[in-house]
Each structure stands twice: as structure tokens, then as C-alpha cells.
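Each chain is listed here by its residues.
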Amino acid sequence: FTLHAYLPHNKSIFGKLKNPIYCVIFGLTLVPVHGIRVMLFSLILLMLLAPGPPDEYQLINFILLFKGMQFLTSGILATSMGAFKYYYCYA
């Protein structure tokens, strides 16, 4: 249920955004607290690996999503938060 909500094989990004479970999981991955994001992606990886050998497409898709979210939350979000703090400190 959770995997089909977060990694559906038959929906585009617009179909995913209509699903409230996807929006909650996506929102949790955007939280810049590293423990929440790591635990959520670890749980999703465990769900992919648990029933048997996962499909190569599922693993590649998971890795790309994980690295994309890592860049977004740890890279762009952290940089912009640091820039705003710097601006408010000296302005």
C-alpha cells in the first residue's frame, strides 16, 4: 500500500500529487531534519527488499529519488537557509 502510494508504476507526477498519502510522504522527505528523511527512506528500502529480490527499475528509481531529495534538502534548502540567516544577521 505504501509503496504503491509513493512509487506507483502507472501514475505521472500529477496523478501522484492527487494522492494525499503521497503528499504526506513527500512532505516528510522535504523536512530538513536528517533523521526523519533517513528513517523514511530506510523504511521504503526495507519494503522494496523484504518480499524478495526487487526489480532493477524499482531500485534505480529509489536511488534517484533518494539522491534527488538529498540534494534538494541538504543542498539547496540548507544553502538558502544559511544565506537568509547571513542576510538577516548583517542587514
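See the structure printed just above.
In this text, all values refer to a predicted model and were calculated from it rather than measured experimentally.

**Re the overall build of the protein**
The helix and strand tally for the protein stands at 5 helices and 0 strands. When the helices and strands of the protein are placed in sequence order, the string is α-α-α-α-α. The C-alpha atoms of the protein give a radius of gyration of 16 Å, which is well past the 12 Å a tight globule of 91 residues would have. Expressed as lengths along the three principal axes of its C-alpha atoms, the size of the protein is roughly 55 × 25 × 20 Å. Taking the contacts inside the protein whose residues are at least 6 apart along the sequence as the reference set, 47% of them involve residues at least 24 apart. Accessible area for the protein stands at about 6600 Å²; split by element, carbon and sulfur atoms hold 73% of it.

**A few points about helix H3 (residues 20-30)**
Taken together, the buried positions of H3 are occupied by Tyr 22, Ile 25 and Thr 29. The arc that holds the buried residues of H3, viewed along the axis, is 70°, so those residues lie on one side. In H3, the exposed residues that point more than 90 degrees away from the buried face are Pro 20 and Val 24. Of the surrounding elements, those touching the buried residues of H3 are helix H1 (2-6), helix H2 (13-17), helix H4 (34-49) and helix H5 (56-90). The N-cap of H3, judged by a side-chain oxygen 3.2 Å from the amide nitrogen of Ile 21 a few residues on, is Asn 19.

**Notes on H5**
Taking 1.5 Å per residue, 35 residues should reach 51 Å; H5 reaches 50 Å between its end C-alpha atoms and fits that length. Remark: the principal bend of H5, roughly 25°, maps to Ala 78. Within the span of H5, buried status applies to Phe 62, Met 69 and Thr 73. For H5, the secondary structure elements touched by its buried residues are H3 and H4.

**Side note on the side chain of Arg 37**
Position of Arg 37 relative to the elements: it lies in helix H4. Residues in contact with Arg 37, not counting those within four places in the same chain, are Thr 29, Met 69, Gln 70, Thr 73 and Ser 74.

**Focus: the packing of H3 against H4**
Interhelical geometry of H3 versus H4 gives an angle of 135° and a closest axis separation of 7 Å. With respect to each other, H3 and H4 are oriented oblique. Taking contact as the criterion, the partners of Ile 25, Leu 28 and Thr 29 in H3 are, on H4, Ile 36, Arg 37, Leu 40, Phe 41 and Ile 44. Across the contact of H3 with H4, the residue classes break down as 6 nonpolar, 1 polar and 1 charged.

So, how was this worked out
- Residue numbering note: each chain is counted from 1, following its sequence as written.
- At least 70 in pLDDT is required for a residue's local features to be given in this predicted model, at least 80 for side-chain atom pairs to be given and counted, and no such filter applies to totals for whole chains, interfaces and linings, which use all residues.
- Think of the side-chain values as coming from all heavy atoms in the structure, minus any hydrogens and water.
- Strands are runs of DSSP state E lasting at least two residues, helices are runs of H or I lasting at least four, and both sets are numbered from the N terminus onward.
- We compute the radius of gyration over the C-alpha atoms and compare it with the globule rule, which gives 2.2 Å times the number of residues raised to the power 0.38.
- Contacts: residue pairs with any heavy atoms within 4.5 Å of one another.
- Exposure was quantified through the Shrake-Rupley algorithm and a 1.4 Å probe, taking into account, for residues, occlusion by the shown protein chains and nothing else.
- Note on classification: 1.4 Å probe, protein chains only; a residue is buried when its accessible area is under 20% of the maximum for its type, exposed when over 50%, partly exposed between these limits.
- It is the directions from the helix axis to the C-beta atoms whose arc is reported.
- For the purposes of these results, a polar contact is taken to be a pair of N or O atoms within 3.5 Å, where, inside protein, one atom must be able to donate a hydrogen and its partner to accept one; residues adjacent in sequence count only when each atom of the pair is a side-chain atom.
- Residue count minus one, scaled by 1.5 Å, sets the expected span of a helix.
- A residue's bend is given by the angle between axes fitted to the 7 residues ending at it and the 7 residues starting at it.
- Between N-to-C directions, angles cover 0 to 180 degrees, with each direction set by a line fitted to C-alpha atoms, over the stretch in contact for helices.
- For this classification, under 35 degrees means roughly parallel, over 145 means roughly antiparallel, 65 to 115 means roughly perpendicular, and everything else is oblique.
- Polar here means any residue other than Ala, Val, Leu, Ile, Met, Phe, Trp, Tyr, Cys and Pro, which are nonpolar, and Asp, Glu, Lys and Arg, which are charged; Gly is therefore polar.

From the geometry alone we can't say anything about function, so treat these as descriptive.
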